[in-house]
Structure formats: structure tokens, C-alpha cells
Amino acid sequence: MSTRMTAAVLNAAPGPLELEELLIDDPGPDEVLVKVAYAGLCHSDLHEIDGTFETQPPIVLGHEAVGRIVATGVGVSEFAPGDTAVTCLSAYCGNCEYCVAGRQTLCVNRARLQQERSRPRLTKLDGRPVRPTAGIGAFAEMILVHKNSLVTIPDDVRPETASVLGCAVTTGMGAVLHSASVHAGQSVAVVGLGGVGFAAVQAAQLAGAAQIIGIDVVPGKLERAVRFGATHVVDARETDPVEAVRAITGTGVHHAFEAVGSAATAGQAFTMLRPGGTATVMGMIPDSQPIPVRGAELFLEEKRIQGSFMGSNHFKVDVPLYAHFNRMGLLRLDDLVTARCDLATINDGFKALASGREIRVVARVGEV
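Residues numbered from 1 in each chain as written. Predicted model: local features only at pLDDT ≥ 70, side-chain atom pairs only at ≥ 80, totals over all residues. Heavy atoms only, no water.

J.: Looking at this structure, I do not really get the pattern of salt bridges. What am I missing?
T.: Charged atoms that come close allow side chains of opposite charge to pair. For the structure on display, the rule yields 21 salt bridges. In this structure, the salt-bridge partner of Arg121 is Glu31, at a minimum N-O distance of 3.7 Å. In this pair, Arg121 sits in the loop between helix H3 (110–115) and strand S7 (122–124) while Glu31 sits in strand S3 (residues 31–41), placing the two residues 90 residues apart along the sequence. Taking the relative accessible area as the measure of exposure, Arg121 reaches 8% and is therefore buried. For Arg332, the salt bridge goes to Asp335, with nearest N and O atoms at 2.6 Å. Here the salt bridges share partners, and the residues they tie into one network are Asp25, Glu31, Arg117, Arg119 and Arg121. (Salt bridge = Lys/Arg side-chain N within 4 Å of Asp/Glu carboxyl O. Helix = DSSP H or I, 4+ residues; strand = E, 2+ residues; numbered from the N terminus. Buried < 20%, exposed > 50% of the residue type's maximum accessible area, 1.4 Å probe, protein only.)

Okay, here's the thing in C-alpha cells:
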């Protein structure tokens, strides 16, 4: 059995998304069928659309969604039809050495959970398979996902803003709280103020950072940064961000977070550290871009640079916690969404995201 529904399909890269009727399969073992209400637009999607990162069309992009569960397969006990749930692309098996050690974002079986199946999750009407990105494919009226790609959320979280919990918030908050373990009284710089960067700023405030420096090239984002918890802002168009951070802190920051996805800004994050500091790269940097790091700073100053995939999250625990922070007024979810579209205008939504002016763009796909 299968259900007919509409999705925004990337048929060639680079290229626009095209609305098409697709067939989605019924849930198999450990799978959940979800009717999508809202889906967040992420820069990783944009990089596949514009060809920055290689992809394999036809594909339904999108991994940041919220919706209502329609049906569940055999072996699913934690979800039931009618539940509201959020997706997260860091699916995990729960059995490999990384999962058992609590590092689920490094699960070695993720690809199998997301891709291996006796029948395609999605097909065109002529039977050709269509790949859902990360086993999700959120830019569609319905998605079929593994149960370990999904977590329920309380009904008091607005669905529109709940969609950003599964990627932008999980990545930015987790990088600060999990990957870097920022301590009270430390200094933090965040390079790049999009959805991930603003989540990192708020996490640094929650962690008790004494100085939180927001760095960007868009004046409007710098103005917002103070409302999100930044104690200082730096316009990287007007001044060298490394020198500006040193002028603010005297010695550099304990922690710098890169949220642009550029080797140049990752290098700046490393250079602006104080001795013994740690730079955490959250952005997706193309393999063709080597990160400029001086060996003397690594050795003599004991600086560190590390990656953070999806905020080293434990999303089944983290997402409800972040929803609680939002309820308590400690996390400003609603303010992260600054532009909206729907499936019919999703290409315009990506143009708005590419402009750099918006924090997060969310597409309305269907009713909750």
C-alpha cells in the first residue's frame, strides 16, 4: 500500500525545487508515518540546491520538521497516532559502541537506519524511487521515518517554531552545552548569527558565560544578538573580528563557535582563542577548503579545534528539555523564525535564507 501526496523535489543540482505528486509507502517495522505541519529551511539544504555539496537527485530535502503521527509500524511503542513529534537527522541504532557509550551522533549504523529498506520510502508516480534526505525528506506533506529519528513534544510548543528544535536549536545549544561544556564565568564568541549561531548565544547565556560576543556582517542580526543574550557584538565588515575579540577580552575567548561553514571563519575562531581555549566548528565546511591553523598556536598555546555534529546531541532528552527552557522563558524559540513560506513558495524561502538577513525560514506544509 502507498499514499499519494505532494513534495518539493530536487530533480537536478544545482536547480530549483519542483512540486510533484509522489507515493509514500506504509510504515514497516520500527517506522512512523507523519503528516508534516512545518519544516525548517537549513543551509545544508541550500548547499545541495546550489551545488556546493554533492547530492543525488531526485531527492526530497529537508530534515527539520514537526507534524502529527498518522500511523506506526511493528515494534513502535513510544509513539501513537495523534502525537505531535519533531524530527532529527541524527538517527541512532542504540547498539553500536558509540551509542552504548552515549555518543549517539557518531552511530555507525545511521545510514542503514535511514536508507536500507526492502521498498523505497518514496517513488514517483511512474515507480522511480526518490531519496528522502537523511531518511526524512521534510519538504513533503508526509514523511516516513525510523522511530529513532523522532521525538514527541509537549502540546504547548507552537508547531511553527517547534520545527527548528530538531536541527538549528539542537546543533547550537548542544555545541555549547555538550561538545564544549562551557562553564560559568567563561568567555564565548559565536561567529555567524543564523539559527544555529543564535541558539549557541542563548546556550552560552544559560551556561553562565560572562562575556558572549556575537560576530556577523549583517547589522540587523547584530542588533538582535543583544536581545538573545550577547554582551558584545562585532561587525566583521567594519573590523577584524580577531582583533576585536582580543580588545574586548584582553587575551581572547575561552570558547569560539563557528556557525558559517567556512574555512576562513573557522580559522578566525581558532585564532581568537586565549591560550588553552577551544574552537568548536558547527558549520559544514566543504572538503576543498583547508582550515588555516598555525602549528605554534596548537603546540605552544595548547589551543584546540574540534567539530560538533548536530551538537553532540541526545535529542530524545534534549528536545523536551529545550521545549521546557522555552516554556520558562529561558529560550526564545519564536524569535528564531523571521521568515515564512509554504511548499509552493519554498524556492523564495531559500532565496530569503541565502540573503543572509533571516535567522530561520520555516515552510508551512499542512495543518497540525
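So much for the structure itself; the text now carries on.
J.: Any chance you could explain empty space enclosed by the protein here in plain terms?
T.: One way to see where empty space is left: roll a probe the size of a water molecule over the atoms. As enumerated under the stated definition, the model contains one cavity of 30 Å³ or more in all. Taken as a whole, the largest cavity holds about 40 Å³ of empty space. Taken together, Ile24, Arg121, Leu122, Pro132, Ile136, Gly137, Met142, Ile143 and Leu144 make up the lining of the largest cavity. Per-element accounting of the lining of the largest cavity gives the leading share, three residues, to strand S9 (residues 142–146). The residue makeup of the lining of the largest cavity, split by class, is seven nonpolar, one polar and one charged. (1 Å grid on protein atoms, 1.4 Å probe; cavity = no way out; pocket = protein on both sides within 12 Å on 5 of 7 lines; lining within 4 Å. Points joined across faces, edges and corners; volume = space filled by probe spheres on them. Nonpolar A, V, L, I, M, F, W, Y, C, P; charged D, E, K, R; others polar.)

J.: Looking at this model, I keep getting lost on helix H11 (residues 315–327). Mind explaining?
T.: Because each turn of an α-helix spans 3.6 residues, side chains separated by three or four positions end up pointing in the same direction. Taking 1.5 Å per residue as the helical rise, H11 with its 13 residues ought to reach 18 Å, and the 18 Å between its terminal C-alpha atoms agrees with that figure. For H11, the complete set of buried residues consists of Phe315, Lys316, Asp318, Val319, Tyr322, Ala323 and Phe325. (Expected span 1.5 Å × (residues − 1).)

J.: Help me out: how do you make sense of the pairing of S3 in this one?
T.: In summary, the side chains of a regular strand alternate between the two faces of the sheet. Where burial is concerned, most of S3 is hidden: 10 out of the 11 residues are buried. Pairing between S3 and S9: five bridges, direction antiparallel. Counted as the bridge partner of Val34 is Ile143 from S9. In this structure, S3 lies alongside strand S5 (residues 64–72), joined through eight bridges in antiparallel fashion. Each bridged residue has a counterpart across the sheet, and for Val32 the counterpart in S5 is Thr72. Here four bridges tie S3 to strand S18 (residues 360–364), and the two strands are oriented antiparallel to one another. Bridge pairing links Ala39 to Ala363 in S18. (Pairing = 2+ DSSP bridges.)

J.: Whenever I open this one, the sheet that holds S7 confuses me. Can you help?
T.: The strands that make up a sheet pair up through hydrogen bonds in the backbone, lying either parallel or antiparallel. Spatially, S1-S2-S7-S8-S4 is the arrangement adopted by the five strands of the closed barrel, whose pairing is mixed. With nine bridges connecting them, strand S1 (residues 2–10) and strand S2 (residues 17–25) associate as antiparallel partners. What sits directly across from Thr6, in S2, is Glu21.

J.: Would you explain the packing of helix H5 (residues 168–179) against H11 in this entry?
T.: Pairs of packed helices are described in terms of their axes, by the angle between the two and the distance that separates them. With their axes 11 Å apart at the nearest point, H5 and H11 run at an angle of 95° to one another. As summarised for this structure, H5 and H11 are arranged roughly perpendicular, according to the angle between their axes. Taking contact as the criterion, the partners of Val169, Thr170, Met173, Gly174, Leu177 and His178 in H5 are, on H11, Asp318, Val319, Tyr322 and Phe325. Of the residues in the contact of H5 with H11, the class split is six nonpolar, three polar and one charged. (Axes fitted to C-alpha atoms, helices over the stretch in contact; angles between N-to-C directions. Parallel < 35°, antiparallel > 145°, perpendicular 65-115°, else oblique. Contact = heavy atoms within 4.5 Å.)

J.: Would you explain the packing of helix H6 (residues 195–207) against helix H7 (residues 219–228) in this entry?
T.: Where H6 contacts H7, the axes come no closer than 9 Å and their chain directions differ by 30°. When the axes of H6 and H7 are compared, the pair comes out roughly parallel. Between H6 and H7 lies a crossing whose hand is right-handed. Residues Phe198, Val201, Gln202 and Gln205 of H6 form the contact with H7, whose own contacting residues are Lys221, Arg224, Ala225 and Phe228. Class assignment for the residues of the contact of H6 with H7 results in four nonpolar, two polar and two charged. (Left-handed = near helix turned anticlockwise from the far one by under 90°.)

J.: Explain the sheet that holds strand S14 (residues 253–258) to me, please; I cannot follow it from the model alone.
T.: Pairing is parallel in the open sheet, where six strands are placed in the order S13-S12-S11-S14-S15-S16. The outermost strands of the open sheet, each flanked by one partner alone, are strand S13 (232–235) and strand S16 (304–307). Recorded for the sheet is a direction-independent mean angle of 20° between the axes of neighbouring strands. Helix-sheet contacts for H6 involve strand S11 (187–191) and strand S12 (211–216), and the interaxial angle to S11 is about 170°. Contacts between H7 and the sheet are confined to S12 and S13, with S13 contributing the most and set at about 170° to the helix.

J.: Looking at this model, I keep getting lost on unusual backbone geometry. Mind explaining?
T.: The bulk of non-glycine residues show a negative phi, and the bulk of peptide bonds are trans. Ala13 connects to Pro14 through a cis peptide bond whose omega is 0°. Within the fold, Pro14 resides in the loop between S1 and S2. Cis rather than trans, the peptide bond between Pro57 and Pro58 has omega equal to -5°. One non-glycine residue, Glu302, adopts positive backbone phi at about 55°. Tracing the backbone through its elements, the reader meets Glu302 in the loop between helix H10 (295–300) and S16. On the basis of relative accessibility, which here comes to 56%, the residue Glu302 falls in the exposed class.

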